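# Close look at the chain arrangement
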Amino acid sequence: MAPKFQKGPDLKRFMDKRLKVTLNGNRTVLGTLRGFDAFLNVVLEEVESEQGQYLGQTVIRGSSIVQFEGLERTR
């Protein structure tokens, strides 16, 4: 029997991997995933904006994330 509630995406396999995260407003950031929660809020380290600006460690609210793209292979 299928579960009644659908879970969100499983980001465990992307932990400590480089990601490209597309945000609303056509913004994109690149960083290493360090953590996430049930609302898809994520913590990224070594973050760079699409213009090449270094942002350091950043918390991104899940409601502003449009897409995740893995830049490294996962198992």
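Quick summary incoming for the structure in this document. (Residues numbered from 1 in each chain as written. Predicted model: local features only at pLDDT ≥ 70, side-chain atom pairs only at ≥ 80, totals over all residues. Heavy atoms only, no water.)

### Looking at the pattern of salt bridges
All told, the structure shown has 2 salt bridges when counted by the stated rule. Here the residues in one salt-bridge network are Asp16, Arg34 and Glu45, joined through shared partners. (Salt bridge = Lys/Arg side-chain N within 4 Å of Asp/Glu carboxyl O.)

### Looking at the side chain of Thr28
On the secondary structure map, Thr28 appears in strand 2 (residues 27-36). The class for Thr28 is buried, based on a relative accessible area of 16%. Among residues more than four places away in sequence, those in contact with Thr28 are Lys20, Val21, Thr22, Glu48, Ser49 and Glu50. (Helix = DSSP H or I, 4+ residues; strand = E, 2+ residues; numbered from the N terminus. Buried < 20%, exposed > 50% of the residue type's maximum accessible area, 1.4 Å probe, protein only. Contact = heavy atoms within 4.5 Å.)

### Remarks on the pairing of strand 1 (residues 18-23)
Looking along a regular strand, one sees side chains alternate from face to face of the sheet. Across the two faces of strand 1 the burial differs, with Leu19, Val21 and Leu23 buried and Arg18, Lys20 and Thr22 not buried at all. The hairpin turn running from strand 1 into strand 2, its antiparallel successor, is 3 residues long, and Gly25 in that turn takes a positive phi close to 80 degrees. (Pairing = 2+ DSSP bridges.)

### Re unusual backbone geometry
Outside of glycine, negative phi angles account for most residues, and trans bonds account for most peptide bonds. Positive phi is not limited to glycine here, since Asp16 has a value of about 65 degrees. Note on placement: Asp16 falls in the segment before strand 1. Residue class for Asp16 comes out partly exposed when judged on its relative accessible area of 48%. Although it is not a glycine, Asn26 adopts a positive phi angle of roughly 55 degrees. Inspection of the secondary structure puts Asn26 in the loop between strand 1 and strand 2.

### Overview of the side chain of Ser64
Here Ser64 lies in the loop between strand 4 (54-60) and strand 5 (65-70). For Ser64, the residues in contact, after removing those within four places along its chain, are Thr22, Leu23 and Asn24.

### A word on the nonpolar core
Taken as a class, soluble globular proteins show a tendency for nonpolar side chains to be buried jointly. Core analysis: the largest hydrophobic core is formed by 12 residues, namely Leu11, Phe14, Leu19, Val21, Leu23, Val29, Leu33, Val42, Leu44, Val47, Ile60 and Ile65. Among the elements of the structure, strand 1, strand 2 and strand 3 (42-49) are those that each provide at least two residues to this core. When neighbours within four sequence positions are excluded, Leu19 is seen to be in contact with Phe14, Val29, Leu30, Gly31, Leu33, Phe68, Glu69, Gly70 and Leu71. (Core = buried A, V, L, I, M, F, W, Y, C linked by side-chain atoms within 4.5 Å.)

### Things to note about the environment of Val66
Along the polypeptide, Val66 turns up in strand 5. Ignoring any residue separated from it by four or fewer positions in sequence, one finds Val66 in contact with Thr22, Leu23 and Asn24.

### Some thoughts on the environment of Leu33
Tracing the backbone shows Leu33 in strand 2. Separated by 24 residues in sequence, Leu33 and Gln57 have C-alpha atoms that sit 9.9 Å apart. Sequence-distant contacts of Leu33, that is, excluding residues within four places in its chain, are made with Leu11, Phe14, Met15, Asp16, Lys17, Leu19, Val42, Val43 and Leu44.

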